[in-house]
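Next come the chains, spelled out residue by residue.
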Amino acid sequence: MLSSILNFLFPSRCPVCGGHSDYQLYNPLCTSCWRSIERYTGPACGICGIPTVSPAATLCERCMCKKPPFTRILYYGIYAGALKEAIHLLKFGKVKRLSKPLGLLLYELPLPVVDGIVPVPIQKRRLRERGFNQTANISRWLSKALHVPLLLDMLKKHRETPPQTEVTGKERLKNIRNAFSTCGKVTGQDLLLVDDVITTGATVRECAKTLRDAGARSVTVVALARSMPKQNT
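Residues numbered from 1 in each chain as written. Predicted model: local features only at pLDDT ≥ 70, side-chain atom pairs only at ≥ 80, totals over all residues. Heavy atoms only, no water.

### Things to note about unusual backbone geometry
Piece 1. Along the chain, Asn 27 connects to Pro 28 via a cis peptide bond; the corresponding omega equals 10°.
Piece 2. If you trace the backbone, Pro 28 turns up in the loop between helix 1 (2-9) and helix 2 (31-35).
Piece 3. The phi torsion at His 147 lies on the positive side, around 60°, for a residue other than glycine.
Piece 4. With respect to the helices and strands, the residue His 147 is situated in the loop between helix 7 (134-146) and strand 3 (155-157).
Piece 5. Taking the relative accessible area as the measure of exposure, His 147 reaches 72% and is therefore exposed. (Helix = DSSP H or I, 4+ residues; strand = E, 2+ residues; numbered from the N terminus. Buried < 20%, exposed > 50% of the residue type's maximum accessible area, 1.4 Å probe, protein only.)

### Some thoughts on the state of the cysteines
Piece 1. A complete count under the given rule lists 0 disulfides for this structure.
Piece 2. Considering cysteine sulfurs only, Cys 30 is the nearest to Cys 17, which forms no disulfide, with 3.7 Å between them.
Piece 3. For Cys 17, a relative accessible area of 49% corresponds to the partly exposed category. (Disulfide = S-S within 2.5 Å.)

### Topic: the packing of aromatic side chains
Piece 1. Summed over all chains, the structure comprises 3 aromatic pairs.
Piece 2. Where Tyr 23 meets Tyr 26, the ring centres are 5.0 Å apart and the plane angle is 75°; that geometry is what we call edge-to-face.
Piece 3. A relative accessible area of 15% means that Tyr 26 is categorised as buried.
Piece 4. Both rings, one in Tyr 26 and one in Trp 34, keep their centres 4.7 Å apart while their planes meet at 5°; by these two values the pair is stacked. One exposure class covers both Tyr 26 and Trp 34, and it is buried.
Piece 5. Connected via pairs of aromatic rings, a cluster forms that spans Tyr 23, Tyr 26 and Trp 34.
Piece 6. One residue, Lys 144, lies across the ring of Trp 141, its end atom 4.5 Å from the ring centre. (Phe/Tyr/Trp six-rings, centres within 6.5 Å; stacked < 30°, edge-to-face > 60°. Lys NZ or Arg CZ within 6 Å of the ring centre and 35° of its normal.)

### Digging into the nonpolar core
Piece 1. Grouped together as the largest cluster of nonpolar side chains are 31 residues, with contacts concentrated most on Trp 34, Leu 102, Leu 105 and Leu 106.
Piece 2. Where this core is concerned, the elements lending two or more residues are strand 1 (72-78), helix 4 (81-91), helix 5 (99-107), helix 7, strand 5 (190-198) and strand 6 (218-226).
Piece 3. Here the element with the most residues in this core is helix 4; it accounts for 6 residues.
Piece 4. One finds Tyr 75, Leu 193, Val 221 and Ala 223 within the second-largest nonpolar core, a separate group that totals 27 residues. (Core = buried A, V, L, I, M, F, W, Y, C linked by side-chain atoms within 4.5 Å.)

### Considerations on the pattern of salt bridges
Piece 1. For the coordinates displayed, the defined rule picks out 5 salt bridges.
Piece 2. Here Asp 153 ties to Lys 156 by a salt bridge, and the two come within 3.6 Å at their closest N and O atoms.
Piece 3. Lys 209 is paired through a salt bridge with Asp 213; the nearest N and O atoms lie 2.9 Å apart. Placement of the pair is Lys 209 and Asp 213 together in helix 9 (residues 202-213), with a separation of 4 residues, close to one helical turn.
Piece 4. When its relative accessible area of 57% is taken as the criterion, Asp 213 is described as exposed. (Salt bridge = Lys/Arg side-chain N within 4 Å of Asp/Glu carboxyl O.)

Spelled out as structure tokens, the structure:
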């Protein structure tokens, strides 16, 4: 009833299908488009989660050649459609109410038992411009659902870097190298590192490495979405 009243007073159109939004929690997305968000169940690397062509390929070439600093990457869906639109609305449109339903999508994943949840931090300049860290907002709802502490200050970004979207895949790891530092007790902790979207994985690799170098026992990465790899790359 409350959703009906709010949508009547503040009508909006769904950016995905153009229809009317009908549920305040997902607004401006409509319920139908929200329900179209599907969990990815196709073939993927068992460690980094990158989608693969064949179910027989249990590990990608990169993970076979060099073990990453994280235990595993889990993500809900592919970065496309309604999921991509919802992330954009939260991140750039500042539609903060989407933090809750997006955070609860992560709760549906087969998450390990951990000691704390660590959101991927953003640099201070971007935090001032945006006014919030969307990954931290998502992590708050996951923390409440799991009843696991949210460790907002454990991982910090101390070095300003160009946005990862502005550099090529090969340059992303170099761009983000040594950009993070830890604070507080890390030694012996099993941690859940949360991000919104994983493209090349350079950021979460560097974050996980920083946490492991500080003494974390394990780091499992969880994200809302993963970009599909480009063909022939």
